[in-house]
Every structure is written in structure tokens, then in C-alpha cells.
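One-letter residues, chain by chain:
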Amino acid sequence: MLKNIKESYQYSYFLYLKLIVAGIIIGFIVGIIDTIFGRGLLLIGNIRKEYLYYFVPFLALDGLLIVFIYKKFAGRAKKGMGLIFEVGHGIENEIPLKLVPIVSIATWITHLFGGSAGREGVAVQLGATISHKFKKYFGFPNKSKIFLVIGMAAGFGGLFQTPIAALFFALEVLTLGNLQLYALLPAIVSSFVASWTSAFLGLEKFNHFVNTNFAVTPLAFVKFAILGIIFGIVGNLFVYLQNFLKKYLSEKIKNSYYRIFVIGILLSIVFLMLHEGRYTGLGTNLIENSFSGKQVYMYDWIIKLILTTLTLSAGFQGGEVTPLFSIGASLGAVIAIFFGLPIEFVAAAGYISVFGSATNTLLAPIFIGGEVFGFSNLPYFVIIVVFAYLVNRKISTYGLQKNYFEE
């Protein structure tokens, strides 16, 4: 990219300066939007928890509203994260600005009525949509993908306040095995600015320092490798089940209104029967339980996995990452005893590794581990995440992710 920039601009350093300024502006705007979206989601989650039986029984009706909104108003924006990837791969050229309010409102509605879904996909879409509008002010090659990566980094960084992880997530998620390093400078700026902005505006960040000090002996290495393989398989299971359910449900119930209504009724019954809403929403309750010594059932992780894939496959809106965090953490909390390792450490390893396997990312989960649980754990996290990553490398929860090694 540096060669392309120098060919397009006589004064390349002036372009770098413009990109830094753009990264600052994008980070600031996206940080504000992330805060509005994130705080709204937390408020909605608290309301649902307080009035569970007033909302969860009506999840099916909520689904009808979501389908109506997308059919009536979304247009190309109905592709959601798929549209972001299509723009990144040059299939599409523009992201309509209306994607921002549509995906935000639809996700809020999903969570208010108890859908088991995440939030990061929304933040990444918001960031990419805002950032992509800035490309018209520049004239260098590959500008569309550069601003897409800038926005994705800002969206992820602003919501989770893990700017280093957000940077690498944006750089590596579009194409497996190929970092988009041409966007490195403005992406790191936008990621940090978005994170600082959302923190200043009061958006909560999940942090839990895990104090460990292991000697990486051959036995410890084997334990870490086995943990990575287990978490990698679970990440694969999430993707396989999500892909299967999307295909199966679309074939069996072709009408999207009928599909989301029927599945919505089923989900409402299950959510209320199983521990009175324990598996609704983001899954942050399972994460909290995993790190606070509260009750974590042996089956929490698999039920959360099934209900999340079913929620998203039916057509409800939201992301996958926070549920993946909760699946990995709750699984780690129950298998730690079999490895003779601290529960908090194995829960942290599961938190990052299941996410890495399901999204086909390597560096992002490692740095999430550092930014959330402490950088002193990084050597151990590297081993576990590498093995989780190597289990997969073919499929991803992002269906349009390309594989550099197969191109």
C-alpha cells in the first residue's frame, strides 16, 4: 500500500497525516455511537431482567416486527455483516447509512424480549458504515477497504474497550491468513480514540485480572494444548450448528415471518422454563458466574450455544462474540478441575479461545486475553489460542470470510 500511496501522492507524509486525522474523527464519532448503543443495550437488559415475564413471552411478536422492519426499510442493509464483508472483498461498493439505526433498533428489540444474541457484530457494522463514508475525501488505491478496516477497529474497540485486540480483529477477520496491514496506522488511531471516547462517556468495560504464574513445563504445555483443542472444537460446533440451522430452517419454513414467529414461540418457552431467563440476552451473567465463584452448571455452555445459534438462525438480530465469550467461560469453569488448573484461568482461556476458533482469528483473542485478564498471562494464552485456532481454519461464523490460502 505504501508504494501505491507514493504513486498517488507527491507528499506521502501529508497523506499519513490526513489518515491520522481521519482515524481520530472516525474513532470519536464511532465511540459516541458505540456508547449510545452499548448503554442502551445494558439498560434494556436490566429492564428485561426486572420484568422478565412481561417481555420474554412476546419474543415471537418481536420477531415479526424485526422481519417487517428489514423487509420494509432495510434494502441492501438487510445483509448486515455480510454486506460489510462484500464491501471488503470488492463485491459491493457502498454501505447505506440507514444500516446504523436499523441494526441498532432491531438488536435492542431482540434483547428486550430475551433473544440470546451478542452485540459486537452491530458495533462492527456501525463503525464500518460510518468510516466508509470518509473514503470520498481520499483518492488513493484500495481506499474502500482501508476505511472499512478503520471503522471495524473503531466499532470493536469502542464497544469492548480493548483497542489492541480491536485493531488485530479488524486487520485479520476479512481474510484468513492475510493481515490488512495497509490500514495499520489509521486503524490503531481509530481503535484507541473510540475506546477512550466510550470510556470517557461511561460505557462499562469487563475486566477481571487473573493472577497466575505457571512454569511452562512439557506437562503444562500438553494441558494447554488439550484445552485449546477442546475450545477449538466448541467454536467449530457453534459455527457448524449455526450454518446447519440457517439452512435447515430456511428450507423447512420458507416464509421469514412464519419462521421467526414459530422459533420465537419455542425460544420463549425454553427461556422461561430453563432457570427463568438464565440464557436470555448477552450471556454476561454466565461470564460473571464463571469468574465470581457463583453457580455454573455443567450444561450452561451447551444450552447457551444451542439457544444462541437458534436465535440468530431464526432471524433475530445481534452478534455472536459475547455469547461466544460466555460459552467459553462457562465451559472453562466446569472443566478446570479435570486439568488441575485454577478455574478463573481456564474460564479466561475459554472466553478467548472459543471466540478465536469460531471467528477464525488468532491475534485478536490473544490480545483480548491480555487486555481483559492481564498481560502476564499472555504466554499461556498464546499456546491455548494457537491450538484452538488450528482446529478450524476452514469455517467461520462470518460466512463471507475468505481463506487466503485457498485463493
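Definitions and cut-offs
- Residue positions are given per chain, counted from 1 along the sequence in the order it is written.
- Only residues with pLDDT of at least 70 are given local features in this predicted model, and only at 80 or more are side-chain atom pairs given and counted; all residues enter the totals for whole chains, interfaces and linings.
- Remark: hydrogens and water are excluded; side-chain values derive from all non-hydrogen atoms of the structure.
- Helix and strand definitions here come from DSSP, where helices need a minimum of 4 consecutive H or I residues and strands a minimum of 2 consecutive E residues; each element is numbered from the N-terminal end.
- When we talk radius of gyration, it's over C-alpha atoms, and the globule rule is simply 2.2 Å times the number of residues to the 0.38.
- Three exposure classes are used, based on accessible area relative to the maximum for each residue type with a 1.4 Å probe and protein chains only: buried under 20%, partly exposed in between, and exposed over 50%.
- Should any heavy atoms of two residues lie within 4.5 Å, those residues are counted as being in contact.
- Each reported salt bridge corresponds to a side-chain nitrogen of Lys or Arg within 4 Å of a carboxyl oxygen of Asp or Glu.
- Only residues above 30% relative accessible area that lack a salt bridge enter a patch, with like-charged residues linked at up to 9 Å and the nonpolar side chains Val, Leu, Ile, Met, Phe, Trp and Tyr linked at up to 5 Å.
- Only the protein chains shown count as covering a residue, and every accessible area follows the Shrake-Rupley method with a 1.4 Å probe.
- Angular values range over 0 to 180 degrees, each being the angle between N-to-C directions of two axes fitted as lines to C-alpha atoms, with helices fitted over their stretch in contact.
- These descriptions rest on fixed angle ranges, namely under 35 degrees for roughly parallel, over 145 for roughly antiparallel, 65 to 115 for roughly perpendicular, and the rest for oblique.
- Two helices crossing with the near one rotated counterclockwise from the far one by less than a right angle form a left-handed crossing, whereas a clockwise rotation gives a right-handed crossing.
- For this classification, Asp, Glu, Lys and Arg are treated as charged, while Ala, Val, Leu, Ile, Met, Phe, Trp, Tyr, Cys and Pro are nonpolar and the rest, including Gly, are polar.
- Values of pLDDT, the confidence the predictor places in each residue, fall between 0 and 100.
- Here is the rule: rings of Phe, Tyr and Trp (six-membered ring for Trp) pair when centre to centre is within 6.5 Å. Planes less than 30 degrees apart are stacked, more than 60 are edge-to-face, and the remainder are tilted.
- Look at NZ for Lys and CZ for Arg. If either is within 6 Å of the ring centre and within 35 degrees of the ring normal, a charge sits over the ring.
- Positive residues here are Lys and Arg, negative ones are Asp and Glu, while His and the chain termini are left out of the count.

Caption draft 1: Spotlight on the overall build of the chain. When you go through the chain residue by residue, the secondary structure sums to 18 helices and 2 strands. Here the C-alpha radius of gyration of the chain, 20 Å, is about what a compact globule of 407 residues would show, namely 22 Å. Along the three orthogonal principal directions, the C-alpha set of the chain runs to about 65 × 60 × 45 Å. Burial status across the chain gives 60% buried among its 407 residues. Of all intrachain contacts in the chain linking residues separated by at least 6 positions in sequence, the fraction that spans at least 24 positions is 78%.

Caption draft 2: The arrangement of the pattern of salt bridges in detail. Scanning all chains against the criterion turns up 6 salt bridges. A salt bridge links Glu-94 to Lys-135; its shortest N-O distance comes to 3.2 Å. Of this pair, Glu-94 sits in the loop between helix H5 (81-88) and helix H6 (99-112) while Lys-135 sits in the loop between helix H7 (120-132) and helix H8 (143-160); the two residues are 41 residues apart in sequence, bridging distant segments of the chain. For Glu-94, a relative accessible area of 33% gives the class partly exposed. Measuring nitrogen to oxygen at the nearest pair gives 3.1 Å for the salt bridge that ties Glu-288 to Lys-294.

Caption draft 3: Highlighting a nonpolar patch on the surface. Taken together, the side chains of Phe-14, Leu-17, Val-21 and Ile-25 define a hydrophobic patch exposed on the protein surface, amounting to about 360 Å² of accessible area. If you trace the backbone, Val-21 turns up in helix H2 (residues 12-50). Here Val-21 falls in the partly exposed class, since its relative accessible area comes to 41%.

Caption draft 4: Broad picture of unusual backbone geometry. Located in the positive-phi region is Glu-276, a residue other than glycine, with phi close to 50 degrees. Turning to its location among the elements, Glu-276 is positioned in the loop between helix H12 (256-273) and helix H13 (284-292). What makes Glu-276 exposed here is its relative accessible area of 53%. With a phi close to 60 degrees, Asn-360 is a non-glycine residue in the positive phi region. Following the sequence through the fold, Asn-360 ends up in the loop between helix H16 (343-359) and helix H17 (363-373). When its relative accessible area of 2% is taken as the criterion, Asn-360 is described as buried.

Caption draft 5: Seen up close, the environment of Leu-99. Mapped onto the fold, Leu-99 is located in helix H6. The class for Leu-99 is buried, based on a relative accessible area of 1%. A sequence separation of 30 residues divides Leu-99 from Thr-129, and the C-alpha atoms of the two residues are 7.4 Å apart. In this structure Leu-99 touches Ala-77, Gly-80, Leu-83, Gln-125 and Thr-129, once residues within four positions along its chain are discounted.

Caption draft 6: Quick peek at the packing of H5 against H7. Look at H5 against H7: their axes get within 9 Å of each other, and the N-to-C directions meet at 45 degrees. Taken together, H5 and H7 sit at an angle that is classed as oblique. Like other packed secondary-structure pairs, H5 and H7 cross with a definite hand, here left-handed. Facing Met-81, Ile-84 and Val-87 of H5, the residues of H7 in contact are Gly-121, Val-124, Gln-125, Ala-128 and His-132. Partitioning the contact of H5 with H7 into residue classes produces 5 nonpolar, 3 polar and no charged.

Caption draft 7: Region of interest: the environment of Ala-187. Topologically, Ala-187 is positioned in helix H10 (residues 184-200). Spatially, the C-alpha atoms of Ala-187 and Phe-224 are 32 Å apart, while their sequence positions differ by 37 residues. With residues near it in sequence (within four places) discarded, Ala-187 still touches Val-149, Ile-150, Ala-153 and Leu-167.

Caption draft 8: Spatial organisation of the confidence of the model for the chain. For the chain, mean pLDDT is 91; residues scoring 70 or higher make up 96% of the total. Across residues 1-11, where pLDDT falls below 50, the model places 17 contacts with residues more than four positions away in sequence or in other chains.

Caption draft 9: View of the packing of aromatic side chains. The tally for this structure, following the rule as stated, stands at 32 aromatic pairs. Ring plane angle 90 degrees and centroid distance 6.3 Å describe the contact between Phe-68 and Phe-73, whose orientation is recorded as edge-to-face. Overall, the relative accessible area of 41% leaves Phe-68 in the partly exposed class. Taking NZ or CZ as reference, Lys-18 lies 4.7 Å from the ring centre of Phe-138, over its face.

Caption draft 10: The arrangement of the side chain of Ser-268 in detail. Take Ser-268: it is sitting in helix H12. According to the relative accessible area criterion, Ser-268 is buried, its value standing at 5%. Those residues in contact with Ser-268 that lie beyond four places of it in its chain are Val-56, Pro-57, Phe-58, Leu-59 and Ala-60.

Caption draft 11: Quick look at the side chain of Asp-62. Here Asp-62 lies in helix H4 (residues 59-74). Buried and unpaired, Asp-62 has Arg-48 as its nearest opposite-charge partner, separated by 9.9 Å.

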